[in-house]
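Descriptive structure summary
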Amino acid sequence: MKKLLTTLFAILFSFNANAFVLSPHVGLDYVLSTANGYGDIDNLNGATVSAGVKALGFLSVEGYYQKYFLTTVSNGSKTKPTAYGIDLVADTLNLGLVELLTTVGYGKYNLDGGRLNSKMEEFENETYRVGFGVQFNPTDEIGIRAMYRWVIPEDDMFKKNVQELTVGLRYYFF
């Protein structure tokens, strides 16, 4: 019990000394996706909005919502896929102006409105995401980020995997 109290005291003391830094941020990214496997959709373009908190200067938790632009599948119907979830982003190497990033995450990818084959009009699948990237920080508030992600669906009924390339901006409030 004494160890627990000592640990809590140390955490509170470091928080009061501003050693425990929380930095909220928002982001906007362009997304280019390449889907591999089954189905009629191969390439998608879209945008992602994200909000997160960076803790201790090297670890971020980010929630995202991804919306793809309208696309036509092979049978002529149209679909507008979406995705949402959460990512954990770590500064693997922080050089101040440039950060090398790694990420792991979990999300849901949805297809609506298109007739992908004779049976499937809607599709929702839970996915795991892993990736790496780089972020350039010209100021303390602005970050320019490029990421590559490998998206692995739990169920490969529609796609075996999706590869995503994102490029965008981050704004850090403090």
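Residues numbered from 1 in each chain as written. Predicted model: local features only at pLDDT ≥ 70, side-chain atom pairs only at ≥ 80, totals over all residues. Heavy atoms only, no water.

**Points about a nonpolar patch on the surface**
Under the convention used in this document: Here a patch means residues that are over 30% exposed by relative accessible area and free of salt bridges, tied together within 9 Å if like-charged and within 5 Å if nonpolar (Val, Leu, Ile, Met, Phe, Trp, Tyr). Areas reported as accessible are Shrake-Rupley estimates using a 1.4 Å probe. Residue values count occlusion only from the protein chains shown. Each salt bridge in this description consists of a side-chain nitrogen of Lys or Arg and a carboxyl oxygen of Asp or Glu lying within 4 Å of one another. The numbering of helices and of strands both runs from the N terminus, where a helix is a DSSP run of H or I of at least 4 residues and a strand a run of E of at least 2. The cut-offs for exposure are 20% and 50% of the maximum accessible area for each residue type, with area from a 1.4 Å probe on protein chains only; residues under the lower value are buried, those over the upper are exposed, and the others partly exposed.
A cluster of nonpolar side chains, namely Leu56, Phe58, Leu59, Val61, Ile86, Leu88, Val104, Tyr106, Tyr128, Val130, Trp150 and Ile152, defines an oily patch on the protein surface of about 970 Å² accessible area. Contributions of two or more residues to the nonpolar patch are made by strand 3 (59-68), strand 6 (82-94), strand 7 (98-111), strand 8 (123-136) and strand 9 (142-153). As for its position among the elements, Ile152 is in strand 9. Take Ile152: its relative accessible area is 34%, and that puts it in the partly exposed class.

**Some points on the nonpolar core**
So the rule is basically this: Take the buried residues of types Ala, Val, Leu, Ile, Met, Phe, Trp, Tyr and Cys, join any two whose side-chain atoms come within 4.5 Å, and each joined set is a nonpolar core. Any two residues whose heavy atoms approach within 4.5 Å are treated as being in contact.
Val31, Ala35, Leu44, Tyr64, Tyr68, Ala83, Tyr109, Val151 and Val162 together form the largest nonpolar core, which totals 9 residues. Looking at this core, the elements that each hand over two or more residues are strand 1 (22-36) and strand 3. The residues touching Val31, leaving out its near neighbours within four places in the chain, are Leu44, Asn45, Gly46, Ala47, Thr48, Gln66, Tyr68, Glu164, Leu165 and Thr166.

**Focus on the layout of surface pockets**
Under the convention used in this document: Cavities and pockets are defined on a 1 Å grid built over the protein atoms alone: a cavity is a set of grid points where a 1.4 Å probe fits but cannot escape, while a pocket is an open set with protein on both sides within 12 Å along at least five of seven lines, and lining residues are those with an atom within 4 Å of any such point. Grid points are joined across faces, edges and corners, and a volume is the space filled by probe spheres set on the points. Under the scheme applied, nonpolar residues are Ala, Val, Leu, Ile, Met, Phe, Trp, Tyr, Cys and Pro; charged residues are Asp, Glu, Lys and Arg; polar residues are all the others, including Gly.
In this structure, the largest pocket encloses a volume near 260 Å³. What lines the largest pocket is a set of 14 residues, among which Lys54, Glu99, Asn137, Asp140 and Tyr172 lie closest to the centre. Taken together, the residues of the lining of the largest pocket break down into 4 nonpolar, 7 polar and 3 charged.

**A short note on the side chain of Asn125**
With respect to the helices and strands, the residue Asn125 is situated in strand 8. Once you skip the residues sitting within four places of it in the chain, Asn125 turns out to touch Gly107, Lys108, Tyr109, Pro153, Glu154 and Asp155.

**Observations regarding the sheet that holds strand 10 (residues 161-172)**
The cut-off we apply is this: Any two strands are treated as partners once DSSP identifies two or more bridges connecting them. To obtain each axis, a line is fitted to C-alpha atoms, and for helices this fit is confined to the stretch in contact; angles are then taken between N-to-C directions over 0 to 180 degrees.
Taking strand neighbours around the barrel as the criterion, the 8 strands line up as 1-2-3-6-7-8-9-10 in a closed arrangement whose pairing is antiparallel. Within the sheet, the average angular offset between the axes of one strand and its neighbour, ignoring direction, is 25°. When strand 9 meets strand 10, the two strands line up antiparallel, connected through 10 bridges. Along strand 10, the bridge assignment pairs Met147 with Thr166.

**Considering empty space enclosed by the protein**
Tallying each qualifying case throughout the model produces 2 cavities of 30 Å³ or more. One number sums up the size of the second largest cavity: a volume of about 70 Å³. In terms of lining residues, the second largest cavity is bounded by Asp29, Val31, Thr48, Ser50, Glu62, Tyr64, Gln66, Asp87, Arg129, Arg149, Thr166 and Arg170. For the lining of the second largest cavity, the secondary structure elements donating two or more residues are strand 1, strand 2 (43-55), strand 3 and strand 10. The leading source of residues in the lining of the second largest cavity is strand 3, at 3 residues.

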